[in-house]
Amino acid sequence: MKQIIFLIILSTLLAFSCTERIELDSELGKDFPPHAVVEGMITTDTTAHVIKLSWSKSLYNDQEPQKITGASVKITGNNQEIILTEEEPGEYYTPENFHAVEGQRYYLFIDSVDTDNDGNFDPITASDSVPHVEPLDSIQLEWIDPWEAWAIRAYANEPGDEENFYMFKAFVNDTLVTDTLYEIFVTDDVFFNGEYINGLESYFLNEEDTDERLYPNDTVTLKIYALTEPLYEFILRAQEEANYSAPLFSGPPSNVEHNLEGTNVFGFFMTASVKSAQAIWDTAAIRQSGYHY
Amino acid sequence: MRLFIIITILLLLGPIANRADNTNERKPVLSGYITDAATGEDLIGATVYVQEIGQGTITNVYGFYSISLAPGTYNVRYSFIGYRAKTFTITISDKDLSRNIELEPTAEELEEVVVTGEKSNANITKTEMSVEQLGSDDIRKIPALMGEVDIIKAIQLLPGVQTPAEGSSGFSVRGGNLDQNLILLDEANVYNASHLMGFFSVFNNDAIKDVKLYKGDIPAKYGGRLSSVLDIHMREGNNKQFSGVGGIGLISSRATIEGPLWEDRISVMASGRRTYVDLFLPLSRNEDIRNNTLFFYDLNTKINYKISNNDRVFLSGYFGRDVFGSEFARMGYGNGTGTIRWNHLFSKKLFSNLSVVYSNYYYSLGTPENEANSFLWEAGLNDLTAKYDFTYFATPKLKVNYGIQSTLHVFNPGYARGTSDSVSSLGSVRVPINRSIENGIYVGFEYKVNALLAFKGGLRNSSFGNYGNKPTYTYENSERVDTTEHSGGIYQTYFNWEPRLSMNLTLNEYSSIKASYARTTQYIQMARNGNAGTPLDIWFSASPNVKPQIGDQVALGFFRNFFDNKLKASAEVYYKWMENTIDFKDDAVLLLNEDLEGELRFGRSWAYGTELMVKFQFERFNGWASYTYSHAERKINGVNEGEPFLAPYDKPHDVSIVLNYEIMKRLSVGATWVYSSGLPATFPRGMAEVYGNYVPIYSDRNEDRYPDYHRMDLSLTWENKPMMAGDRKVESNWNLSVYNLYDRHNAWAINFEQDKQNPHKIYAEKTYLFGILPTVSFNIKF
């Protein structure tokens, strides 16, 4: 919320400011060692979960990041050992019947990658545990006129005995629409710890976005993920560092802390429990919201 | 402790001792006030020179002077920059003599530009270095952003003072942090001196008489901040006749009215300002912000009552607010201060001032009311200070001052809560209120050994205590590991000695060498991580976890005047070292965080530099040029892996040129040019793709720099022919100010963005705030 207000005020103040591209030192980052980037999440859903491996690139390299192929990737936990198989270059999948179990800790092992370019393989490891999540009672769609967007409001119980961290992802007709880092919404429970989550705005479906525009009888699905604190922090911080920053508001930029162990590594290994709820965008919902075309 | 006792005795016995002194053999005293003949305003720092003994004195901040003289007849010269000097032949018998002097401003004489005021060599002879002084007329002549004459922007043009970001009204002195400046408005602490997120300062120049900045060699009288003291005095108000000043500018209007309620005894001054920035928002390209409200206002008032020659009472106040509102958010913040002062002369040699000062800063932030998720977040602080200062004019050679001061700080770091009437999904978060007390007790002296050598110095004892029933915590790696409850009394104290000493060796009438050392201590600081900061930054105090910051500074200067004191050149070098420097861990959470202290990291810092300045005042041409070379670094445990890194305001090269030229009788032109190295920055080295966006990976902190900053501003002022309204002269002028004359696009922020066409291409993009920006304002004075 704080960030949103800042951005509104900032945009007002900067109403007459301008931006332009500039040339900085073109050598910037040329000799910076490539980092192995891990993007991995397993959840309590039963499906093939993916761990993606790629190399970071130097600042001004405008190629797609190189995939890390041929790695050996393994997840252990809950007395299981899962070997992931590389089905696309750099994308390592669990079997389709795999799901993580609440309360368990899972360990990721990656090998056969040379991260410090010394000719030898360097292991990458990480671990995370699966917190508990309460089911979503329901979701509702509400038209927010000034933003020209549909708010997805979430209703759920919130356990009061601990700090909880949540991530939300939205789907329209089973297509993920929160498909970039910027669009993921994460929150802690500081404002509603132990109280009923009474219509939390979890995502805004933007009318101007072709994949988010709703048509009658579309199904909207919201997934709520419970995360551990370090992973919540990672998403929040990654968003912050990737976003616009201004000297007026931001502290000095700094590397995002992550839960991977290894040399020259970056990214995350997240284990989350997940629940979902659906709403159908039918005429009743439209009328109730006061929306008109 | 012994010093405490001595000073207490001095305080108690001073008046009595002095009375006893009256009856004994002693030299009679010549004393009085020096004021402006046109308005009755006190003149601060005016010179009194007794030709026969070749010695003199200057008036204090209340315009008071006092000098002991053996009975006889003397030629006494009273002078002040910008005023015609007066010499009187004064015969001193064996009794004290009181002479109040009025000096005529020379600016009144537009007809003949012969006398342009006193050319004083006080800068050579005074034991005072690392000090810059500006009058409100000097400030008015400087071209201003959007036509808003601004004291802080003028201060930023002085050597050793750095601007934190384009348009910002914060300032960094000799590599220090923005919160290391003690900003006093009529003795009241101003905690957040900015309007409109920093683009303008809270000081309305029309209400201001005089500004003095101490960058080092800070007198023992002041304490509480490491880097500097910015001492701002409001005008007392014309006690001769009612008069007014007003102006209409592009973004604001101002009006000041002042005059005597009782001629020569009671005068009042009220000055107000209101902006209308929001009038321009509808012109914005972004339709979301066209309906937003955005403005600020402020009000300065002052009343002073000359009860008698020995007693004067001043009441002054400031109140200002910024208001922001949009469909989604609202915000308000501002300062309020109030000062009551009583000047009393126990004798002609013992001047005293008792002040009670209140200072408040408040902000609120929230969403519009009566929505399901409405919330309101408030924070602020209150200060209550009492201080008692004495100046004892012992002999023409020796002046002693001493005093005590005590401040209660009550900081409310933040309280956020849902406000809607419906069953809200938002609860509340409250960070406990933090209470503390800060005391100072000091004695200082100025001693002229002979015509060549003079000393100034003093010793200050500062003390600090936390009190209240707020629990304190112990942290390990930012995690709370232990809690200590407190029952309400004082639970943590700190004491520090702060010696100050400076020396002046006058080589001849035109040149001198000065040296100084000063130790300063700072017990309260700002949780501010951004370069320029925001109105939401909160203050926090020393505590069991946070040790007071201690700074030491040595400086050496050479001063040389040329052309009959019309051109004053100075060179100063300084070195500063500071202990218990506070910084924040990477990605610190500073707002609404009860565990703020866990986010702090401590270390030490150091800064050094050279400041060269030439200041000149010729008949039609005046201004200054300065060059500063400086460095500031710090080493903090837990930041940048414990390796030293550049302080946020390290700008090695800094040039300022300020010129004002009177082309003809009614037309003058002002110009400024500034150049400085870019601010230290941390740019990404690598980019990692996470969920389709690029997240930067950095190497060391502050390894990079923004591009160099430079800018030229210009202003033209056309004085209209004065009109007569009855028997009253009405003067007016038009002012055209052009900010950023050659339209340099100075980087305010640099971001690394993903290209729309090729999302894998990253490019650097700068945001610049102001291109060339002309403004016109109309000013009137009657």
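Keep in mind that this is a model prediction, so the values were computed, not measured.

Asker: Teacher, can you tell me more about the overall build of chain A here?
Answerer: Broken down by element type, chain A carries three helices and 18 strands. Every one of the 293 residues in chain A was classed for burial, and the buried ones make up 39%. For chain A, contacts bridging at least 24 residues in sequence account for 68% of all contacts bridging at least 6.

Asker: Just checking my understanding: could you explain the overall build of chain B for this structure?
Answerer: Of the regular secondary structure elements, chain B holds four helices and 52 strands. Expected size for 782 residues packed as a compact globule is a radius of gyration near 28 Å; at 27 Å, chain B falls within 12% of this value. Principal-axis analysis of the C-alpha atoms places the extent of chain B at approximately 90 × 65 × 55 Å. When each of the 782 residues of chain B is scored for burial, the buried share is 48%. A sequence separation of at least 24 residues applies to 65% of the contacts in chain B between residues at least 6 apart.

Asker: Sorry, what's going on with the domain arrangement of chain A here?
Answerer: Accessible area lost when the parts come together is the quantity often used to give the size of an interface. Residues and elements named next belong to chain A. The domains assigned to chain A are domain 1 (33-130 + 238-271) and domain 2 (136-229 + 275-289). A C-alpha centroid distance of 26 Å is found between domain 1 and domain 2. Facing seven residues of domain 1, the contacting portion of domain 2 comprises five residues. Residue assignment for the side of domain 1 that touches domain 2 shows that the elements contributing at least two residues are β9 (124-129) and α2 (229-242).

Asker: When you look at the sheet that holds strand β5 (residues 72-79) of chain B in this model, what are you seeing that I'm missing?
Answerer: Backbone-to-backbone hydrogen bonds pair the strands of a sheet. The strands run either parallel or antiparallel. All names here are of chain B. Pairing is antiparallel in the open sheet, where four strands are placed in the order β3-β2-β5-β6. Both edges of this open sheet fall to β3 (55-58) and β6 (86-92), since each of them pairs with a single strand only. Each adjacent strand pair in this sheet contributes to an overall mean axis angle of 25°, direction not counted. As defined by bridge partners, strand β2 (residues 47-50) adjoins β5 across four bridges and the pair is classed as antiparallel.

Asker: Would you take a moment to explain the interface of chain B and chain A for this structure?
Answerer: Contact residues are listed per partner, giving 68 residues for chain B and 67 residues for chain A. Counting residues per element, the ones that place at least two in the side of chain B that touches chain A are β44 (684-690), β45 (693-698), β50 (749-754) and β51 (762-768) of chain B. When its residues are assigned to classes, the side of chain B that touches chain A shows 38 nonpolar, 21 polar and nine charged. Note that strand β4 (residues 57-58) of chain A and β44 of chain B share two bridges and pair antiparallel.

Asker: What is the right way to look at the domain arrangement of chain B in this model?
Answerer: Residue and element names in this part refer to chain B. Assigned domains within chain B: domain 1 (2-118) and domain 2 (131-781). For domain 1 versus domain 2, the separation of C-alpha centres amounts to 32 Å. At the interface, 34 residues of domain 1 touch 36 residues of domain 2. When contributions to the side of domain 1 that touches domain 2 are tallied by element, the ones reaching two or more residues are α1 (2-23), β1 (29-36), β3 and β4 (64-68). The greatest single-element share of the side of domain 1 that touches domain 2, amounting to 10 residues, is contributed by α1. Partitioned by chemical class, the residues of the side of domain 1 that touches domain 2 number 16 nonpolar, 14 polar and four charged.

Asker: Help me out: how do you make sense of the nonpolar core in this one?
Answerer: Most often, soluble globular proteins keep nonpolar side chains buried together rather than apart. Judged by nonpolar contacts, the single largest core of 97 residues is most densely connected at I151, I155, L184, L230 and I232 of chain B. For L184 of chain B, the residues in contact, after removing those within four places along its chain, are N189, V229, L230, D231 and I232 of chain B. Core analysis: the next-biggest nonpolar cluster, separate from the first, contains 77 residues, Y92, Y225 and I235 of chain A together with V690 of chain B among them.

Asker: Would you mind going over unusual backbone geometry with me for this structure?
Answerer: The bulk of non-glycine residues show a negative phi, and the bulk of peptide bonds are trans. Residues other than glycine seldom take positive phi values, yet N264 of chain A does so here, at roughly 45°. In this structure N264 of chain A comes out as buried when scored by C-beta crowding, with 21 C-beta atoms within 10 Å. Of note in this structure, N580 of chain B is not a glycine but carries a positive phi near 55°. On the neighbour-count criterion, N580 of chain B (17 C-beta atoms within 10 Å) is partly exposed.

Asker: Explain the sheet that holds strand β15 (residues 197-206) of chain A here, please?
Answerer: Residues and elements named next belong to chain A. Strand order in the open sheet formed by three strands is β10-β11-β15, and the pairing between neighbours is antiparallel. Of all strands in the sheet, those bounded by a partner on one side alone are β10 (136-144) and β15. Each neighbouring strand pair of the sheet contributes to a mean axis angle of 25°, computed without reference to strand direction. With eight bridges joining them, β10 and strand β11 (residues 149-156) adopt antiparallel strand pairing. Looking at the pairing, I144 lines up with A149 of β11.

Rules behind the numbers
Residues numbered from 1 in each chain as written. Chains lettered and ligands numbered in written order. Predicted model: local features only at pLDDT ≥ 70, side-chain atom pairs only at ≥ 80, totals over all residues. Helix = DSSP H or I, 4+ residues; strand = E, 2+ residues; numbered from the N terminus. Buried ≥ 20, exposed ≤ 12 C-beta atoms within 10 Å, placed from the backbone. Contact = placed C-beta atoms within 7 Å. Rg over C-alpha atoms; globule rule 2.2 N^0.38 Å. Domains from an automatic or database assignment. Pairing = 2+ DSSP bridges. Axes fitted to C-alpha atoms, helices over the stretch in contact; angles between N-to-C directions. Nonpolar A, V, L, I, M, F, W, Y, C, P; charged D, E, K, R; others polar. Core = buried A, V, L, I, M, F, W, Y, C linked by C-beta atoms within 7 Å.

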